[in-house]
Amino acid sequence: MRGVVRFAPRAREQLITHCRSVLPNEACGYLVGDEEHVERFVPVRNAAASPSRFVLDVQEQLAAEHAIDAAGETIVGIAHSHPIGDNYPSQIDVEDARRFDPSGAWVHVVVSPATGSVRAFRILDGDVEELSAQP
Ligand SMILES: [Zn+2]
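Residues numbered from 1 in each chain as written. Predicted model: local features only at pLDDT ≥ 70, side-chain atom pairs only at ≥ 80, totals over all residues. Heavy atoms only, no water.

## Focus on the coordination of the zinc ion
Ideal geometry at a metal centre: 109.5 degrees between donors when four sit tetrahedrally, and 90 or 180 degrees when six sit octahedrally. To keep things clear, this is the line we draw: Only nitrogen, oxygen and sulfur atoms qualify as donors, provided they sit within 2.8 Å of the metal or within 3.2 Å for Na, K and Ca; with water excluded from the atoms, sites may seem incomplete. Think of it this way: with four donors and all angles in the 85 to 135 degree range, the site is tetrahedral; with four or six donors, opposite ones beyond 155 degrees and the rest between 65 and 115, it is square planar or octahedral; otherwise it is irregular. Accessible area is worked out with a 1.4 Å probe on protein chains only. A residue is then buried under 20% of its type maximum, exposed over 50%, and partly exposed in between.
Binding of the zinc ion to the protein goes through His80 (NE2), His82 (NE2), Asp93 (OD) and Asp93 (OD), at separations of 1.9 to 2.6 Å. Each of the four donor atoms around the zinc ion contributes to a set of angles spanning 55 to 160°, which defines the coordination as irregular. If you list the donors of the zinc ion from N- to C-terminus, the spacing comes out as H-x1-H-x10-D. The class of His80 is buried, set by a relative accessible area of 5%. For His82, a relative accessible area of 7% corresponds to the buried category.

Below is the structure:
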């Protein structure tokens, strides 16, 4: 059975609004919540400032991790946008996932700012499995 990830409506809204606010570049940030439930989105600056690539700004990344930890919350995944093309993980996304999520524990969300489509995936050993992203 296909895995499910549930989004609090506020989290989905935050995510899409943020992705649109940084156009034409890709947006990125953390998904915070509880296992398969995303409670909120925490934006992190895209240090690459590119429409086709994202790199979490190291300082903002550490600050976000610290704040999430201090609030007793958990990072359940990472989200970024694809201003151009399909919102499906690119080859680079799959390679990146191998580095920062080697055990495939995270939900990887890719947003299309143009359509507001939010898709969720698990990425393990180069294999991409789409999850059902539900409210
Ligand atoms: Zn991507």
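Next comes the rest of the account.
## Notes on the pattern of salt bridges
Threshold: By definition here, a salt bridge exists when the distance from a side-chain nitrogen of Lys or Arg to a carboxyl oxygen of Asp or Glu is within 4 Å. A helix here means a DSSP run of H or I that spans at least four residues, while a strand means a run of E at least two residues long, and both kinds are numbered starting from the N terminus.
In total, this model carries seven salt bridges according to the counting rule given. Between Arg45 and Asp57 there is a salt bridge, with its nearest N and O atoms 2.8 Å apart. Taken as a pair, Arg45 in the loop between strand 3 (37-44) and helix 2 (58-70) and Asp57 in the loop between strand 3 and helix 2 lie far apart in primary sequence, 12 residues in all. Arg53 is paired through a salt bridge with Asp96; the nearest N and O atoms lie 3.2 Å apart. Here Arg53, found in the loop between strand 3 and helix 2, pairs with Asp96, found in helix 3 (residues 91-100); they are 43 residues apart in sequence, far enough to count as distant. Classification of Asp96 by relative accessible area gives buried; the value is 4%. Residues joined by salt bridges that share partners form a network here, namely Arg53, Asp96 and Arg99.

## Let's talk about the side chain of Ser132
Operational definition: Here a polar contact is recorded for every N or O atom pair within 3.5 Å, except that within protein the pair must consist of a potential hydrogen donor and a potential acceptor, and residues adjacent in sequence are included only if both atoms are side-chain atoms.
Tracing the sequence through the fold places Ser132 in strand 7 (residues 127-134). Taking the relative accessible area as the measure of exposure, Ser132 reaches 15% and is therefore buried. A polar contact of 3.1 Å, which involves the side chain of Ser132, links it to the side chain of Gln134.

## Some thoughts on the pairing of strand 3
Note the following rule: Two strands pair if DSSP finds at least two bridges between them.
As judged from the two bridges shared by strand 1 (residues 4-7) and strand 3, these two strands associate in the parallel manner. Within strand 3, the position partnered with Arg6 by the bridge is His37. Note that strand 2 (residues 28-34) and strand 3 share seven bridges and pair antiparallel. Counted as the bridge partner of Tyr30 is Val42 from strand 3. Linkage of strand 2 to strand 3, two consecutive antiparallel strands, is achieved through a turn of two residues, within which Glu35 is found at a positive phi near 50°.

## Some thoughts on empty space enclosed by the protein
Note the threshold: Only protein atoms enter the 1 Å grid used here. Points where a 1.4 Å probe fits but cannot escape make up a cavity, open sets with protein on both sides within 12 Å along at least five of seven lines make up a pocket, and a residue lines them when an atom lies within 4 Å of a point. Grid points are joined across faces, edges and corners, and a volume is the space filled by probe spheres set on the points.
A full pass over the atoms with the stated rule returns one cavity of 30 Å³ or more. Estimates place the volume of the largest cavity at around 60 Å³. Residue assignment for the lining of the largest cavity shows that the elements contributing at least two residues are strand 4 (74-81), helix 3 and strand 5 (107-112).

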